[in-house]
Amino acid sequence: MTRFTTLLLLCSLFSLYLYHGVYGRAGVGPSMLGLRVSGNSILNKDGVKIRLLGVNRSGMEFMCMSGAMADGPMDQTSINAMMTWNINSVRVPLNSNCWLGLNGNPSVSGANYVAAVKAYVDLLTSNGLAVILDLHWSAPGNEIANP
């Protein structure tokens, strides 16, 4: 390789590190507050274009129907682990039956479910992460919600 090619390769790797290694991490780079859509872009409260790099935190959409709130830890330790993947957003799928307290275990549905969702969202946002709430399982009336 020539010096120019080597220098070009190093500059490319450094710019990838800056983009993914810095701006891909929550709490570093642009704020995730006040997200809105403008044309085909997502902007933050300061009008800065945001690229969402996220994960799906599955569990709250189905576990509540079987008596548990989620299928794994939803605590600071699990968020710390997810943040090592350089994410800035988390999708949290929900269940309408559990939210409304229908057809599920009362200890993990209704007000208890809503409180758990709120606590998890608060924990995620306190770590600088954007949260995408998705009413993933839903059904009309008293029917059981399925995917």
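The shown structure was predicted, so the numbers you read here are calculated from the model rather than taken from an experiment.

This part takes up the confidence of the model for the protein. In this model, the protein carries a mean pLDDT of 81, and residues with pLDDT of at least 70 account for 80%. Across the protein, helix H2 (residues 76–83) holds the top mean pLDDT of 96, while helix H1 (residues 3–22) sits lowest at 37.

Right, let's talk about the environment of Asn 95 for a bit. Relative to the elements of secondary structure, Asn 95 occurs in strand E5 (residues 89–95). Residues Asn 95 and Gly 59, 36 residues apart in the sequence, show an inter-C-alpha distance of 9.8 Å. With near-sequence residues (within four places) excluded, Asn 95 lies in contact with Met 60, Glu 61, Cys 64, Met 65, Tyr 113, Leu 135, Trp 137 and Ala 145. Engagement of the side chain of Asn 95 in a polar contact is seen with the backbone nitrogen of Cys 98, the distance being 3.2 Å.

What follows deals with a nonpolar patch on the surface. Taken together, the side chains of Leu 35, Leu 52 and Ile 132 define a hydrophobic patch exposed on the protein surface, amounting to about 210 Å² of accessible area. Given the relative accessible area of 34%, Leu 35 is considered partly exposed.

Further remarks concern the state of the cysteines. Following the criterion strictly, the structure yields one disulfide and no others. Here Cys 64 engages in a disulfide with Cys 98; their sulfurs sit 1.8 Å apart. Around the S-S axis, the bridge from Cys 64 to Cys 98 shows a dihedral of about 85° and counts as right-handed. On the criterion of sequence distance, the pair formed by Cys 64 in the loop between strand E4 (54–56) and H2 and Cys 98 in helix H3 (residues 96–100) is long-range, its members being 34 residues apart. Look at Cys 64 and you get buried, because its relative accessible area is 0%.

Counting 19 residues, the largest nonpolar core has Ile 79, Met 82, Val 90, Val 92, Tyr 113, Leu 124 and Leu 129 as the members making the most contacts within it. For this core, the secondary structure elements donating two or more residues are H2, E5 and helix H4 (111–126). Broken down by element, the residue count for this core peaks at five residues, all from H4. Not counting the four nearest positions on each side in its chain, Tyr 113 is found in contact with Met 60, Glu 61, Cys 64, Met 69, Pro 93, Leu 94, Asn 95, Cys 98, Trp 99 and Val 108.

The rules behind the values
Residues numbered from 1 in each chain as written. Predicted model: local features only at pLDDT ≥ 70, side-chain atom pairs only at ≥ 80, totals over all residues. Heavy atoms only, no water. pLDDT = per-residue confidence, 0-100. Helix = DSSP H or I, 4+ residues; strand = E, 2+ residues; numbered from the N terminus. Contact = heavy atoms within 4.5 Å. Polar contact = N/O pair within 3.5 Å; in protein donor to acceptor, adjacent residues only side chain to side chain. Patch = residues over 30% accessible without salt bridge, like charges linked within 9 Å, V, L, I, M, F, W, Y side chains within 5 Å. Areas by Shrake-Rupley, 256 points an atom, 1.4 Å probe, with all protein chains shown as cover. Salt bridge = Lys/Arg side-chain N within 4 Å of Asp/Glu carboxyl O. Buried < 20%, exposed > 50% of the residue type's maximum accessible area, 1.4 Å probe, protein only. Disulfide = S-S within 2.5 Å. Core = buried A, V, L, I, M, F, W, Y, C linked by side-chain atoms within 4.5 Å.

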